[in-house]
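# Coordinate analysis (summary)
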Amino acid sequence: MISTKPLREADPEIAKLIEQEIERKEYSLELIPSENIVSEAVLEAAGSILTDKYCEGYPGRRYYGGCEYYDEIEKLACDRALQLFGGEVANVQPHSGSNANMAVYFGLLQPGDTVMGPKLDHGGHLTHGSKVNFSGKFYNIVGYGVDPQTQLYDTDQIVALAKEHKPKMIICGATAYSRQIDFEGFRKAADAAGAYLMADVSHYAGLIVGGVYKSPIDYADVVTTTTHKTLRGPRGGLIIGRTAPMKKISKIVFPGIQGGPLMHQIAAKAVAFREALQPEFKEYAASIIDNARALAAGLQKRGFDIVSGGTDSHVMIIDLRSQGITGDIAEDALGKAGITVNKNTIPDDPQPPARTSGVRIGTPAITSRGFTVSDMDIVADVIVRAITNHDNEAALAAARADVRSLCSRYPLYRHKAGTYWSAEG
Ligand SMILES: *Cc1c(COP(=O)(O)O)cnc(C)c1O
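Nothing here was measured: the structure is a model prediction, and the numbers come from that model.

### What to know about the domain arrangement of the chain
- Structurally, the chain comprises domain 1 (44-276) and domain 2 (287-408).
- On a C-alpha basis, the centres of domain 1 and domain 2 stand 29 Å from each other.
- Each partner contributes residues to the interface: domain 1 has 20 residues there, and domain 2 has 22 residues.
- Counting each side, the surface lost to burial between domain 1 and domain 2 is near 1600 Å², with a carbon and sulfur contribution of 51%.
- In this assembly, domain 1 and domain 2 are joined by 1 salt bridge.
- Residue arginine 179 is joined to aspartate 312 by a salt bridge in which the shortest nitrogen-to-oxygen separation is 3.0 Å.
- In terms of residue class, the side of domain 1 that touches domain 2 is built from 9 nonpolar, 8 polar and 3 charged.

Laid out in structure tokens, this is it:
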């Protein structure tokens, strides 16, 4: 018989660690722009019995019996994804954003083909051609960067690069770029080379479906995204695109690179997509950007530099060079103050990636918690205090106390306290 014991009895070690993580999240400021906080409904679906089932294949064409309800779940997820983004065909099976991107490479290209993508220190993701990633190992990558003056992607320069190198695919989209991406300009670059255009909107997906960031759907042949960043769903990937390329790509997702889909995650994606279709999600998306703009202004007011001078999205990169401190030290100091960020390269960073000259911060998670524009000055203040006092333990402790009291105003999981583990046992 399988055990019916709750986790706190079945495995107190893991249960205690989950309880500690709940506490950490409750009382710290989550400013990693690629993280968010899912709803209870998404958690419930992700934690459901759907984890048990093998459903290799696609709805109506499975390699296992007993998939009738799973077919309905996957179809709902795909229908809702198409309602959200537009497009012709959706594939909700990629286990992650990286898998979604790998499926596009393998589906549309041959090893050795030329691909143009944003360089890692110019906002790109590992899967956009980094040497340590499959993309950089299997393909001939031509990286593009931001203009040194404006720190923006300049699609005229990118069109010229496309004409010169004739890539078979151009990737647009980024993991550390705060401004609007000119998807139409990237289409021109793709057309100039006869290339596919892949838009990886992992970071912007929630803003796009919320109507506050331009959509690539009319310009790109395929759009890939994670479901767990601004889109506020469970961890996972999603691909949407035109029928012809999607036919090739779906054959790569399964059976090319994945086996059985994670049906509990797919159900949770469907739940998150339904949430994103509600009118409130538009307000949420708009608030993410309002908060980011207010936070950037609060930092600039205190003498901090922001790459490109600000943000049109959920994310910004602080350029720390004028503060005489590197990204690793800032990340550490902010951590001691209860503020979670990640160090990040700035364009043409003079420091190595393990050190960096910047930190990347974003507002999706704190906006999910209920923080508003009126809180952003206090958030800017504690960030600046932590960074400028990085070697002053007393000042960091004072900033930590302020973060704690700020977080106390926006309860997150207090109703769950003791669910998984309690000292009384
Ligand atoms: C996060 C991200 C990915 C990868 O997502 P994982 O789920 O971590 O594999 C891919 N592309 C971009 C632009 C991202 O920001």
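So, next bit.
### A closer look at the pattern of salt bridges
- Tallied over the entire structure, the rule returns 22 salt bridges.
- The partner of arginine 414 in a salt bridge is glutamate 26, with the nearest N and O atoms 2.9 Å apart. Placement of arginine 414 in the segment after α16 (393-408) and of glutamate 26 in helix α2 (residues 12-26) is noted, with a sequence separation of 388 residues between them.
- For arginine 414, a relative accessible area of 35% corresponds to the partly exposed category.
- Between aspartate 375 and arginine 409 there is a salt bridge, with the nearest N and O atoms lying 2.7 Å from each other.

### Section: the pairing of strand β5 (residues 114-118)
- For β5, a buried count of 5 out of 5 residues is recorded, marking the element as mostly surrounded by other parts of the structure.
- Burial along β5 is two-sided: Thr114, Met116 and Pro118 and Val115 and Gly117, pointing in opposite directions, are all buried.
- Examined bridge by bridge, β5 and strand β6 (residues 140-144) share 5 bridges and lie parallel to one another. Residue glycine 117 lies in a different strand from β6, and its bridge partner there is glycine 143.
- Looking at chain direction, β5 and strand β7 (residues 169-172) are connected through 2 bridges and run parallel. Bridging from a neighbouring strand, valine 115 pairs with methionine 169 of β7.

### A few points about the nonpolar core
- Judged by nonpolar contacts, the single largest core of 61 residues is most densely connected at Tyr153, Ile170, Ile181 and Phe186.
- Considering each element in turn, this core owes the most residues, 8 residues, to helix α11 (residues 263-277).
- The next biggest cluster of nonpolar side chains, apart from the first, holds 36 residues, and it includes Ala292, Met316, Ile325 and Leu334.

### A word on the site of the ligand
- In the vicinity of the ligand lie 14 residues, with Gly97, Ser98, Asp200, His203 and Lys229 positioned nearest.
- Side-chain polar atom of lysine 229 to an oxygen atom of the ligand: 2.7 Å apart, as the coordinates give it.
- If the ligand stood free it would expose 380 Å²; the protein chains cover 86% of that surface.
- Take the shell around the ligand: its biggest share by element is 3 residues, from helix α5 (residues 97-108).
- The residue inventory of the shell around the ligand, partitioned by class, reads 1 nonpolar, 11 polar and 2 charged.

### A short note on the sheet that holds strand β14 (residues 342-344)
- Sheet architecture is open: 4 strands sit in the order β11-β12-β15-β14, paired in antiparallel fashion. Edge positions in the open sheet fall to β11 (305-306) and β14, since each of these has one partner strand only.
- In this structure, β14 lies alongside strand β15 (residues 358-362), joined through 3 bridges in antiparallel fashion. Residue asparagine 344 lies in a different strand from β15, and its bridge partner there is glycine 358.
- Against the sheet, helix α12 (residues 279-301) makes contact with β11, β12 (315-319) and β15, and its axis sits at roughly 15 degrees relative to β12, the strand it touches most.

### A short note on unusual backbone geometry
- Each neighbour pair has its own omega, and for phenylalanine 254 with proline 255 the value is 5 degrees, a cis peptide bond.
- Summarising the element assignment, proline 255 is placed in helix α10 (residues 243-257).
- A positive phi angle, near 60 degrees, is found at arginine 232, a position not held by glycine.
- Residue position: arginine 232 is located in the loop between β9 (222-226) and β10 (237-241).
- Look at serine 308: it is not a glycine, yet its phi comes out positive at around 70 degrees.

### Side note on helix α7 (residues 155-165)
- Among all positions in α7, only Thr155, Ile158, Val159 and Ala162 are buried. For α7, the buried positions fall inside an angular range of 105 degrees around the axis, keeping them on one side. Seen from the open side of α7, the exposed residues pointing more than 90 degrees away from its buried face are Asp156, Lys163 and Glu164.
- Where α7 is buried, its residues meet β5, β6, β7 and α8 (183-193).

### Observations regarding the side chain of threonine 155
- Secondary-structure assignment places threonine 155 in helix α7.
- Contact partners of threonine 155, with chain neighbours within four places excluded, come to Asp182, Gly185 and Phe186.

Analysis parameters
- The numbers attached to residues start from 1 for each chain and follow its sequence in the written order.
- At least 70 in pLDDT is required for a residue's local features to be given in this predicted model, at least 80 for side-chain atom pairs to be given and counted, and no such filter applies to totals for whole chains, interfaces and linings, which use all residues.
- As a convention, hydrogens and water are excluded, and side-chain values are obtained from all of the structure's heavy atoms.
- Note that the domain bounds reflect an automated or database-derived domain assignment.
- Two residues form a contact once any of their heavy atoms are found within 4.5 Å.
- Buried area is calculated as the accessible area (1.4 Å probe) missing from two parts once they are joined, with the contributions of both summed.
- Here a salt bridge means any side-chain nitrogen of Lys or Arg lying within 4 Å of a carboxyl oxygen belonging to Asp or Glu.
- Throughout this entry, Asp, Glu, Lys and Arg are counted as charged residues, while Ala, Val, Leu, Ile, Met, Phe, Trp, Tyr, Cys and Pro are counted as nonpolar. The remaining residues, Gly among them, count as polar.
- Helix and strand assignments come from DSSP, with helices taken as H or I runs of at least 4 residues and strands as E runs of at least 2, each series counted from the N terminus.
- For each residue, the accessible area found with a 1.4 Å probe, counting protein chains only, is set against the maximum for its type, and the residue is called buried under 20%, exposed over 50%, and partly exposed in between.
- DSSP calls a pair of strands paired once it identifies at least 2 bridges connecting them.
- Take the buried residues of types Ala, Val, Leu, Ile, Met, Phe, Trp, Tyr and Cys, join any two whose side-chain atoms come within 4.5 Å, and each joined set is a nonpolar core.
- Near, as used in this document, describes a residue that has one of its heavy atoms within 4 Å of the molecule or strand being considered.
- Polar contact criterion, stated in full: a pair of N or O atoms within 3.5 Å, where within protein one must be able to donate a hydrogen and the other to accept it, and residues adjacent in sequence count only if both atoms are side-chain atoms.
- What sets the accessible areas is the Shrake-Rupley method with a 1.4 Å probe; for residues, cover comes only from the shown protein chains.
- Axis geometry follows a simple rule: fit a line to the C-alpha atoms, using only the stretch in contact for helices, then measure angles between N-to-C directions, giving values from 0 to 180 degrees.
- What the arc covers is the set of directions going from the helix axis to the C-beta atoms.

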